[in-house]
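Residue-level listing of the chains:
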Amino acid sequence: QELCQCIETKEETKEESLVDKFGMTPFHVLFSTAEPRGELVVVLLDKFPHHVLGLKNANGKLAMEYLVTNWTPENKILLEMALQSWMLSRLTSWGATSCIEVMRNRVEDILAEDDEGRRRTLFLEACSIMKQYENVEATSILEMALWKGQL
C-alpha cells in the first residue's frame, strides 16, 4: 500500500526518472533481491509502463534476467507474471494473434527449462523476437500515419 502511494504521489514519470545512475529500474532493484515479493511485482506491473521491463541497466542486463538466473519456484511465478505483462499482454493489445502463440510457446519453454544456461538462452531469444515484433508494430503504425496523411 505504501509503495502504491509513493508511486502515485510522484508525478514525474519521464523515462529518466525510472532509472538510477546504474540504469536500474524499480524492476531491476526488486528482481535482484534475494527474495522478491510477488505483491510488489503486482504493484510495479500495475503502476509502470510495460516497456520499463525491456530497459537494460548499465551492465546491459534486463531486470527479468535476475529471475532467470536466480531460479526458485517463487521467481518462476514472478518471471511468468513479468513475461505475461511485457510480451503477451502487449501482443494481445496489438491484435497480433499469430505472434501471441509463438511467444506463448516461448514463455512456456523458458518456464519449463531447468538448465540455467539453456533457460537464459531461451529468454534472450524470446527478447530478440519481441524486439522484432516491436519494430514491425512501430513500422506499421508509422506507415498508417503516413498513409492517412496523404489522404
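The structure this text deals with has already been given above.
The notes below deal with the structure included here.

Calculation rules
Residues numbered from 1 in each chain as written. Predicted model: local features only at pLDDT ≥ 70, side-chain atom pairs only at ≥ 80, totals over all residues. Heavy atoms only, no water. Helix = DSSP H or I, 4+ residues; strand = E, 2+ residues; numbered from the N terminus. Buried < 20%, exposed > 50% of the residue type's maximum accessible area, 1.4 Å probe, protein only. Areas by Shrake-Rupley, 256 points an atom, 1.4 Å probe, with all protein chains shown as cover. Phe/Tyr/Trp six-rings, centres within 6.5 Å; stacked < 30°, edge-to-face > 60°. Expected span 1.5 Å × (residues − 1). Contact = heavy atoms within 4.5 Å. Polar contact = N/O pair within 3.5 Å; in protein donor to acceptor, adjacent residues only side chain to side chain. Core = buried A, V, L, I, M, F, W, Y, C linked by side-chain atoms within 4.5 Å.

A closer look at the overall build of the protein
Right, so step 1: Across its full length, the protein holds seven helices and zero strands.
Right, so step 2: Mapped in sequence order, the helices and strands of the protein form the string α-α-α-α-α-α-α.
Right, so step 3: The buried share of the protein, taken over its 151 residues, is 35%.
Right, so step 4: Approximately 9300 Å² of the protein is accessible, and the part contributed by carbon and sulfur atoms is 53%.

With respect to the packing of aromatic side chains
Each aromatic ring pair is characterised by the separation of its centres together with the angle its planes make.
Right, so step 1: Applying the stated criterion across every chain, the model contains two aromatic pairs.
Right, so step 2: Judged by centre distance (5.9 Å) and plane angle (45 degrees), the rings of Phe27 and Phe31 are tilted. Here Phe27 and its partner Phe31 are both found in helix α2 (residues 26–31), four residues apart, which amounts to about one turn of the helix. Neither Phe27 nor Phe31 differs from the other in exposure class; each is buried.
Right, so step 3: A ring pair is formed by Phe27 and Phe48, whose centres lie 6.4 Å apart and whose planes are at 70 degrees; its orientation type is edge-to-face. Taken as a pair, Phe27 in helix α2 and Phe48 in the loop between α3 (38–47) and α4 (64–69) lie far apart in primary sequence, 21 residues in all. Taken as a pair, Phe27 and Phe48 share a single burial class, namely buried.
Right, so step 4: Through a chain of ring-to-ring contacts, the aromatic side chains of Phe27, Phe31 and Phe48 assemble into a single cluster.

Remarks on helix α7 (residues 116–150)
Residues three or four positions apart in an α-helix share a direction because the helix packs 3.6 residues into each turn.
Right, so step 1: In this model α7 runs 51 Å from its N-terminal to its C-terminal C-alpha over 35 residues, within 8% of the 51 Å that 1.5 Å per residue would give.
Right, so step 2: Those residues of α7 that sit buried are Arg119, Leu122, Phe123, Ala126, Cys127, Ile129, Met130, Tyr133 and Glu134.

A few points about the side chain of Glu134
Right, so step 1: Within the fold, Glu134 resides in helix α7.
Right, so step 2: Those residues in contact with Glu134 that sit more than four places away from it in its chain are Trp86, Arg90 and Trp94.

Comments concerning the environment of Arg119
Right, so step 1: Secondary-structure assignment places Arg119 in helix α7.
Right, so step 2: Residues Arg119 and Glu65, spaced 54 residues apart in sequence, show a C-alpha to C-alpha distance of 10.0 Å.
Right, so step 3: Filtering out sequence-adjacent residues up to four positions away, Arg119 remains in contact with Val68, Trp71, Ile110, Glu113 and Asp114.
Right, so step 4: A distance of 3.3 Å separates a polar side-chain atom of Arg119 from the backbone oxygen of Asp114.

A look at the nonpolar core
Right, so step 1: Counting 40 residues, the largest nonpolar core has Phe27, Phe31, Met64, Met87 and Met103 as its most contacted members.
Right, so step 2: Looking at this core, the elements with two or more residues in it are α2, α3, α4, α5 (73–94), α6 (97–112) and α7.
Right, so step 3: If you tally residues by element for this core, the top one is α5, at eight residues.
Right, so step 4: Residues in contact with Met87, not counting those within four places in the same chain, are Met103, Val107, Ala126, Cys127 and Met130.

All quantities given are derived from atomic positions and should not be read as evidence of function.
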